[in-house]
Amino acid sequence: MNDATNPNSPGQSGLQRLRRLPINATLLAPLLALLILFVLSSFASEYFLNARNITNVLRQVSYTGIIAIGMTFVIIAGGIDLSVGSMVALVGVLLLYVVNAIADPIQAVLLGMLAAVVAGSLFGLFNGLLVTRGRMAAFVVTLATMSIFRSLALYLTDAGEVTTRNPLFSSIGGGYLFGIPIPVWAFFGLALAAHVLLAHTPFGRHVCAVGANSQVARYSGIRVERVVLSTFIIAGICVGLSAIMLSSRLNSVSPSDAGYFYELDAIAAVVIGGTALSGGRGSVWGTVIGALILGIINNMLNLTGVSPYLQGLVKGAVILLAVLLQYRRTG
Amino acid sequence: MSRPLLRLEGIGKAFGPVTVLDDIAFELAPGEVMGILGENGAGKSTLLKIISGVYTPSAGRIILDGKTFTALDPITARRQGVAMIPQEFNLVSTLRVYENVFLGQEVRRAGLLDRAQMRRRTREVLQSLDVELDPELPIEQLSVAERQMVEVARVLVNDARILILDEPTTVLTDREVAVLFDVVRALVAKGVAVLFISHKLKEVRQLCDRLLILRDGCQVEVCQAQDVSEEDMAHKMVGRELSQIFPDRRGTPGEAALKVSGLSVPNLLEDISFTLRRGEVLGLSGMVGSGRTEIAEAIMGLRRKSSGEIEMNGKPLSIDSPRAAHDNGLAYLSEDRQGKGLVLSFNVMENITTLSLPRYVRGLIRHGAERRRAEEYQQRLAIKAAKLSDPVSLLSGGNQQKVYLAKLLDIDPEVLILDEPTRGIDINTKQQIYRLIRSLTDQGKAVMVISSELEEIIGLCDRVLVVREGRIAAELSDDKINEQDIMLYAAGARQRGMAGAEVQ
C-alpha cells in the first residue's frame, strides 16, 4: 500500500505516451524472443533467410494465426475455445459444398466465402450461447463441440476428402499480392483490425473488464453475457477466414486432418504472446508474435532435420518457458 | 513487567529506493493491547507484514519470546504464536466453517480426518465467542461479520500468543464490534498480546493500553492510550491540526430527486418507500444484513424487484439493469470496492472512464481525452498515484476509493448512492470524501449514504432512515439523529409509532 503513494510528478507525460505505442513492457519479452529466434535460425540453416522460405513460414503461420487472433478475445474475456480446430474442418467442408453447388465460378467463390464466415459465426454463437445462457464452463462446452463439429464434418463427407474444380478458388489461398501470399495479407490485416478493436474501442475495453472481474463489469453496466457471446462469435468468424485460406490453398478439405490440433497452436500463440490465460489483459500483437515464434520453430526444426516426432516436445518446452517467464514477471 | 513477548529493534523496510518503514522499536508484553495508528500509507500494514513474516525487514531485529530473528517467514511466525486476521480474509469460500477453521492443521485420527472433533471444537470456540454459527455452513453463505468470526475462531484454535488485528471493525456493526472487543479482552486476560489497527479512534481508546503512532514510515511516539485524546491522536497521525471532520450542514433541501415507493424484493425487502431530495444527504443505517445494500442494489437494477416504483424528478422509471440506472442519472458506489467497484488490473484512467466511456469515443476511444479527464480528477480529488497508467491495485485503499468516486462522478449523476464510502480509509481521506459529498449536494445533487459507522451517519446526514429486517424501521431527522435512537430502531427495541404499525 505504500509503494505507490508518492505524489504525481510532472514530466512523465513523454514516458506515459510511450505506453500508447504498441510496444510496451508485456510485449517486449515475446518480441525479444522472436528476434533471438530469428537470428539463431538464420545461423542454423542457410535456407532460412531464403525469401521463399520466409514466405512459406508466414503463409503456414497465417492459418493458425488468424484463429489465434479470435482466440485472444475469448481468452481475455475469461473463456477458452477448444472447438476451433474441428470447426475449421466443418466450415471448410460446408464452404466447398457451396462452391461446388454454384455454376458461376465467381459467384461460387464469393458465396462460398460468405457462407464460411456465416457458418463460423453461427458455430461461435452456438458455443457462446451454451456458455452464457447455458451457464456452462467454456472449457466443457467447447470440449463437447470440438467433438461434435469434427464428427459432423466426417459424417457429411463420409470421411472422404472434398475437392473442387472451381478454377478461381485456389487463387485465394494460393495467390499473391505484391509478392506476398494472400493468407499473409489476411492475417496481418485481421491483426490490425483486431488490435484496433481490442485497444481502441469500448468493446475491447469491456472484453478486458469482463475477463478481469465480471462482477465489477456487471456493476458498471457492462452487458457481460453479450460481451462473452461476442468473443465466441469473433472466434468463429476467424475460423471461417482461416478455413477459406486453408481450403483454397489446398483446393480441398480433409474432414479428418483439416484444423487438427489447431486449437492447441492457437492457444499456445496467445499464451506465448503474453495474454494471461486467466483473462483480463492481453494484446493482439503479442498473439501475432506468438504465432510467428511457433512458425519459426517448426520451420527451423524441419530445416535442421530434427525428427518430426520431437517437434512436439520442442513446442511444448517453448510454451512452458513462455508461461514460466510470465509468472516471473507478474509475481 | 514480565518478559516482553515481542520486541522490535530498529526495524526498517525499503522497496527499492522507497523507504516505507524506518527505525521502528517497541516492546509488547503479555496481556497488553497496543494500538497502531497512522494514515493510509504510513506503514502500518508493512509493519504487520514484517511481524507476521510476510515481508523481510531491510534492517533491524525481531525478538519473539527471547528468540532473535533478523527475518521471519509466515510459518516460523505462526510457530512462534503470531496470528494475524487480515483485512481481506483468507478463507476458502467453498469449504465449510469448520474446514476453514482447521485448514492446514486438520485433526487426524488414524491418518483420516477427524471431522467430528473438528466440528465439536469449532462449535465450542464459536460458542465462547457468543456467535451462533453452524460449523457446517459453507463460507460463501456467510456475511462479512460472520466470516470474520471464522477467522477469529481459527486464531483461537491455534493458541496464538500474539494476535494481530488489521482493521477488524470496519466491516462490523457496533453490536458486533462490542462482541469482538469482549472476545479480545477475554484473550488478553489469558495473557495474549494484541496489536490492533483501526481508523476509529474511539475504539482505539476503548481497547488499547498503549499506542504506537506512525507517520510516513517513522515512529512518532509510543504513549499510554489514556494520556491522549482523540484529537491528539489525529493530530499526531496527520502531523498538523485537523479542522472539523464533518462539513457543516447547509441550506434546505430542494424538490424530490428520487422517489421510491413500495419497493419489495422477495425474502429481502418489503415495502420500502422514501424520498431523496436535491441538496440532501440521506443516511441509511442498520445492522449488517438488515437490507441496506439490497435497497441500493434493487434501485440500481442489480436485483429483481417483485414490486415497487421508482420516480426521478417526478417521472416514473423502469430500471432493469445498472446501465439503465446510469442512463437515468443514478450512480452506485458498492461497499465492495475491490470485488464490485474497480477493475484492479486496469489503470486509473481506464477505471475512471468505465461508466462514461461512450463520452470519449469518436470512432475510436480518444485516449488523450481520457488522460486529461483523469488528470482533472487527480487534482480535484487529490488522488495520489505515481502514474495514471499504473494499475489501481498499486494504489492505497483511500486512493482507490477516490478513483472509484471519480468513476461515478464522470457520468455526472443526479443521484449518488454511496455504500460505506469511507470503509478502511484514514481520517484525512475521510474528511476529503465528506467534503466532496457536501460539495455535491451543494451543486444540487442528491446523495444517499449507507454506513455502519454511526458517527458518520450522525455527522454527515441531514436525514436518516433506519433499516431493520428488510423494512424501514424509522425515519429520523434533526435532534433525533443520535446514537441511541438509531440503535434502538436498528436493533428492533423500538417500533415506529405509527398507527397500526405496531408489531409484536
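Here the structure is a predicted model, which means the values were calculated and not measured. (Residues numbered from 1 in each chain as written. Chains lettered and ligands numbered in written order. Predicted model: local features only at pLDDT ≥ 70, side-chain atom pairs only at ≥ 80, totals over all residues. Heavy atoms only, no water.)

Engineer: Explain the overall build of chain B here, please?
Structural biologist: Each helix and strand counted, chain B has 17 helices and 24 strands in total. For 504 residues, the compact-globule estimate of 2.2 N^0.38 gives 23 Å, and the C-alpha radius of gyration of chain B, at 24 Å, lies within 12% of that figure. Counting only C-alpha atoms and orienting by the principal axes, one finds that chain B spans roughly 70 × 55 × 50 Å. Evaluated residue by residue, chain B yields a buried proportion of 56% over its 504 residues. When contacts within chain B are restricted to residue pairs at least 6 apart in sequence, long-range pairs at least 24 apart make up 67% of them. In the structure as shown, chain B presents an accessible area of about 21,100 Å², 45% of it carried by carbon and sulfur atoms. Each charge sign in chain B was given a centre, from 65 positive and 71 negative side chains, and these centres are 4 Å apart. (Helix = DSSP H or I, 4+ residues; strand = E, 2+ residues; numbered from the N terminus. Rg over C-alpha atoms; globule rule 2.2 N^0.38 Å. Buried < 20%, exposed > 50% of the residue type's maximum accessible area, 1.4 Å probe, protein only. Contact = heavy atoms within 4.5 Å. Areas by Shrake-Rupley, 256 points an atom, 1.4 Å probe, with all protein chains shown as cover. Lys, Arg positive; Asp, Glu negative; His and termini not counted. Charge placed at Lys NZ, Arg CZ, Asp CG, Glu CD.)

Engineer: Whenever I open this one, the interface of chain A and chain B confuses me. Can you help?
Structural biologist: By a widely used convention, the size of an interface equals the accessible area lost when the partners come together. Facing the 31 residues of chain A at the interface are 47 residues of chain B. Taken together, the two surfaces of chain A and chain B that pack against each other cover about 3,500 Å², and 57% of this comes from carbon and sulfur. There are one salt bridge connecting chain A and chain B. Salt-bridge contacts for Glu370 of chain B lead to Arg205 of chain A; the nearest nitrogen and oxygen are separated by 2.8 Å. Along the contact surface separating chain A from chain B lie ten residue pairs in polar contact (both at pLDDT 80 or more). Tallying contributions element by element places helix 9 (residues 202-212) of chain A first for the side of chain A that touches chain B, with six residues. A class-by-class count of the residues in the side of chain A that touches chain B yields twelve nonpolar, 14 polar and five charged. (Buried area = accessible area lost by both parts, 1.4 Å probe. Salt bridge = Lys/Arg side-chain N within 4 Å of Asp/Glu carboxyl O. Polar contact = N/O pair within 3.5 Å; in protein donor to acceptor, adjacent residues only side chain to side chain. Nonpolar A, V, L, I, M, F, W, Y, C, P; charged D, E, K, R; others polar.)

Engineer: Sorry, what's going on with the nonpolar core here?
Structural biologist: A general tendency of soluble globular proteins is for nonpolar side chains to be buried together. Membership of the largest hydrophobic core comes to 90 residues, with the highest contact counts inside it found for Val91 and Val284 of chain A. Leave out the neighbours within four places in its chain, and Val91 of chain A touches Ala116, Ala119, Gly120, Phe123, Val239, Gly240 and Ala243 of chain A. (Core = buried A, V, L, I, M, F, W, Y, C linked by side-chain atoms within 4.5 Å.)

Engineer: Would you explain the packing of helix 4 (residues 84-101) of chain A against helix 6 (residues 138-157) of chain A in this entry?
Structural biologist: In a pair of packed helices, the angle between the axes and the distance between the axes together describe the arrangement. All names here are of chain A. Running from N to C, helix 4 and helix 6 point in directions that differ by 30 degrees, and their axes come no closer than 7 Å. As summarised for this structure, helix 4 and helix 6 are arranged roughly parallel, according to the angle between their axes. Handedness of the helix 4/helix 6 crossing: left-handed. Of the residues in helix 6, those in contact with Gly85, Ser86, Met87, Ala89, Leu90, Val93, Leu94 and Tyr97 of helix 4 are Met146, Phe149, Arg150, Leu152, Ala153, Leu156 and Thr157. (Axes fitted to C-alpha atoms, helices over the stretch in contact; angles between N-to-C directions. Parallel < 35°, antiparallel > 145°, perpendicular 65-115°, else oblique. Left-handed = near helix turned anticlockwise from the far one by under 90°.)

Engineer: I tried to follow the sheet that holds strand 13 (residues 256-265) of chain B on my own but got confused; where do I start?
Structural biologist: Paired through their backbone hydrogen bonds, the strands of a sheet run either parallel or antiparallel. All names here are of chain B. Spatial ordering of the open sheet is given by 14-13-16-17, a layout of four strands whose pairing is antiparallel. Edge positions in the sheet fall to strand 14 (269-277) and strand 17 (315-317), since each has one partner strand and no second. Sheet twist, expressed as the mean angle between neighbouring strand axes with direction ignored, is 20 degrees. In this structure, strand 13 lies alongside strand 16 (residues 307-312), joined through five bridges in antiparallel fashion. Within strand 16, the residue paired with Val260 across the bridge is Ile310. (Pairing = 2+ DSSP bridges.)

Engineer: Is there a simple way to think about the pairing of strand 16 of chain B in this case?
Structural biologist: A regular strand places its side chains so that they alternate between the two faces of the sheet. Residue and element names in this part refer to chain B. Two elements, strand 16 and strand 17, share three bridges in a ladder whose sense is antiparallel. Pairing of Met312 across the sheet is with Lys315, part of strand 17. Where strand 16 folds back on strand 17, the antiparallel hairpin that results is connected by two residues, among which Asn313 adopts a positive phi of roughly 50 degrees.

Engineer: Explain the packing of helix 14 (residues 397-409) of chain B against helix 15 (residues 427-442) of chain B to me, please; I cannot follow it from the model alone.
Structural biologist: Residues and elements named next belong to chain B. Viewed as axis vectors pointing N to C, helix 14 and helix 15 meet at an angle of 15 degrees, and their least axial separation amounts to 10 Å. On the basis of their axis angle, the class for helix 14 and helix 15 is roughly parallel. Viewed along their axes, helix 14 and helix 15 form a crossing whose handedness is left-handed. Contacts between helix 14 and helix 15 pair Gly398, Gln401, Lys402, Leu405 and Leu409 from the former with Thr429, Gln432, Ile433, Leu436 and Leu440 from the latter. Residue classes in the contact of helix 14 with helix 15 are distributed as five nonpolar, four polar and one charged.

Engineer: What exactly am I supposed to notice about the confidence of the model for chain A here?
Structural biologist: Any residue range with low pLDDT should be treated as having predicted coordinates unsuitable for detailed reading. Across chain A, pLDDT averages 89, with 91% of residues at or above 70. Every residue in residues 1-22 of chain A is under pLDDT 50, and counting partners more than four places away or in other chains gives 39 contacts. (pLDDT = per-residue confidence, 0-100.)

Engineer: What is the right way to read helix 4 (residues 115-128) of chain B from this model?
Structural biologist: Given 3.6 residues per turn, any residue in an α-helix points the same way as the ones three and four places further on. All names here are of chain B. With 14 residues, helix 4 ought to run about 20 Å at 1.5 Å a step, and its terminal C-alpha atoms sit 20 Å apart, in line with that. Three or more residues of helix 4 are buried, namely Met118, Thr122, Val125 and Leu126. Buried positions in helix 4, seen along its axis, are confined to an arc of 100 degrees and lie on one side of it. Residues Ala116, Gln127 and Ser128 are exposed on helix 4 and point more than 90 degrees away from its buried face. On its buried side, helix 4 packs onto helix 3 (97-101), strand 8 (112-113) and helix 5 (144-157). Once helix 4 ends, the next one or two residues include Asp130, with phi positive near 65 degrees. (Expected span 1.5 Å × (residues − 1). Arc of directions from axis to C-beta.)

Engineer: So what exactly am I meant to see when it comes to the environment of Ser393 of chain B here?
Structural biologist: Residue and element names in this part refer to chain B. Structurally, Ser393 can be placed in the loop between helix 13 (367-380) and helix 14. Sequence separation of Ser393 and Glu469 is 76 residues, and the distance between their C-alpha atoms is 35 Å. Among all residues touching Ser393, those that are not within four sequence positions of it are Leu344 and Gln400.

Engineer: Would you mind showing me how to read the pairing of strand 12 (residues 218-224) of chain B here?
Structural biologist: All names here are of chain B. For strand 11 (residues 210-215) and strand 12, the ladder comprises six bridges, and the chain directions are antiparallel. What sits directly across from Leu211, in strand 12, is Cys223. What sits between strand 11 and strand 12 in their antiparallel hairpin is a turn of two residues, with Asp216 showing a positive phi close to 50 degrees.

Engineer: For this particular structure, what's the right way to read the confidence of the model for chain B?
Structural biologist: On average, residues of chain B score 86 in pLDDT, and 95% of them are at 70 or above. Scored below 50 in pLDDT, residues 497-504 of chain B makes five contacts in the model with residues more than four places away or belonging to other chains.

Engineer: Please explain the side chain of Thr354 of chain B as it appears in this structure.
Structural biologist: Within the secondary structure, Thr354 of chain B sits in the loop between helix 12 (348-352) and strand 19 (361-362). Owing to a relative accessible area of 8%, Thr354 of chain B belongs among the buried residues under this scheme. Leaving out residues up to four positions away in the same chain, Thr354 of chain B has contacts with Ser220 and Ile222 of chain A together with Lys407 of chain B.

Engineer: Is there a simple way to explain the side chain of Thr132 of chain A in this structure?
Structural biologist: For Thr132 of chain A, the location among the structural elements is in helix 5 (residues 105-132). Side-chain polar atoms of Thr132 of chain A contact the backbone oxygen of Gly128 of chain A, separated by 2.8 Å.

Engineer: In this structure, what is going on with the packing of aromatic side chains? I would like to understand it.
Structural biologist: In this description, an aromatic ring pair is defined by two values, namely the gap between the centres and the angle between the planes. Per the counting criterion, the structure on display carries eight aromatic pairs over all chains. When the centroid spacing of 6.2 Å and the interplanar angle of 70 degrees are considered together, the rings of Phe178 of chain A and Trp185 of chain A count as edge-to-face. Between the aromatic rings of Phe187 of chain A and Phe188 of chain A, the centroid separation amounts to 5.1 Å while the plane-to-plane angle is 50 degrees, which identifies the pairing as tilted. For Phe187 of chain A, a relative accessible area of 1% translates into the label buried. Between Arg119 of chain B and the ring centre of Tyr98 of chain B, over which it is positioned, the NZ or CZ distance is 5.4 Å. (Phe/Tyr/Trp six-rings, centres within 6.5 Å; stacked < 30°, edge-to-face > 60°. Lys NZ or Arg CZ within 6 Å of the ring centre and 35° of its normal.)

Engineer: Sorry if this is basic, but what is going on with the environment of Ser321 of chain B here?
Structural biologist: Residues and elements named next belong to chain B. Relative to the assigned elements, Ser321 resides in the loop between strand 17 and helix 10 (322-327). When its relative accessible area of 23% is taken as the criterion, Ser321 is described as partly exposed. Through-space distance from the C-alpha of Ser321 to that of Asp130 is 40 Å; in sequence the pair is 191 residues apart. Once residues lying within four places of it in the same chain are set aside, the contact partners of Ser321 are Met300 and Gly301.

Engineer: Would you take a moment to explain the domain arrangement of chain B for this structure?
Structural biologist: Residue and element names in this part refer to chain B. Assigned domains within chain B: domain 1 (6-238), domain 2 (243-329 + 413-504) and domain 3 (344-407). Spacing between the C-alpha centres of domain 2 and domain 3 amounts to 27 Å. On the side of domain 3, nine residues touch domain 2, which itself brings eleven residues to the contact. Overall, the association of domain 2 and domain 3 removes approximately 710 Å² of surface from exposure, summing both partners, and the carbon and sulfur fraction of that is 72%. Counting across the interface, domain 2 meets domain 3 through zero salt bridges. (Domains from an automatic or database assignment.)

Engineer: Mind showing me how you'd approach helix 8 (residues 230-238) of chain B here?
Structural biologist: Residue and element names in this part refer to chain B. Buried residues of helix 8: Met233, Ala234, Met237 and Val238, and no others. Considered in projection along helix 8, the buried side chains sweep an arc of 120 degrees and stay on one side of the axis. For helix 8, the elements touching its buried residues are strand 3 (33-37), helix 7 (201-207), strand 11 and helix 15. Taken from the residues just after helix 8, Gly239 is the one with a positive phi, measuring 85 degrees.

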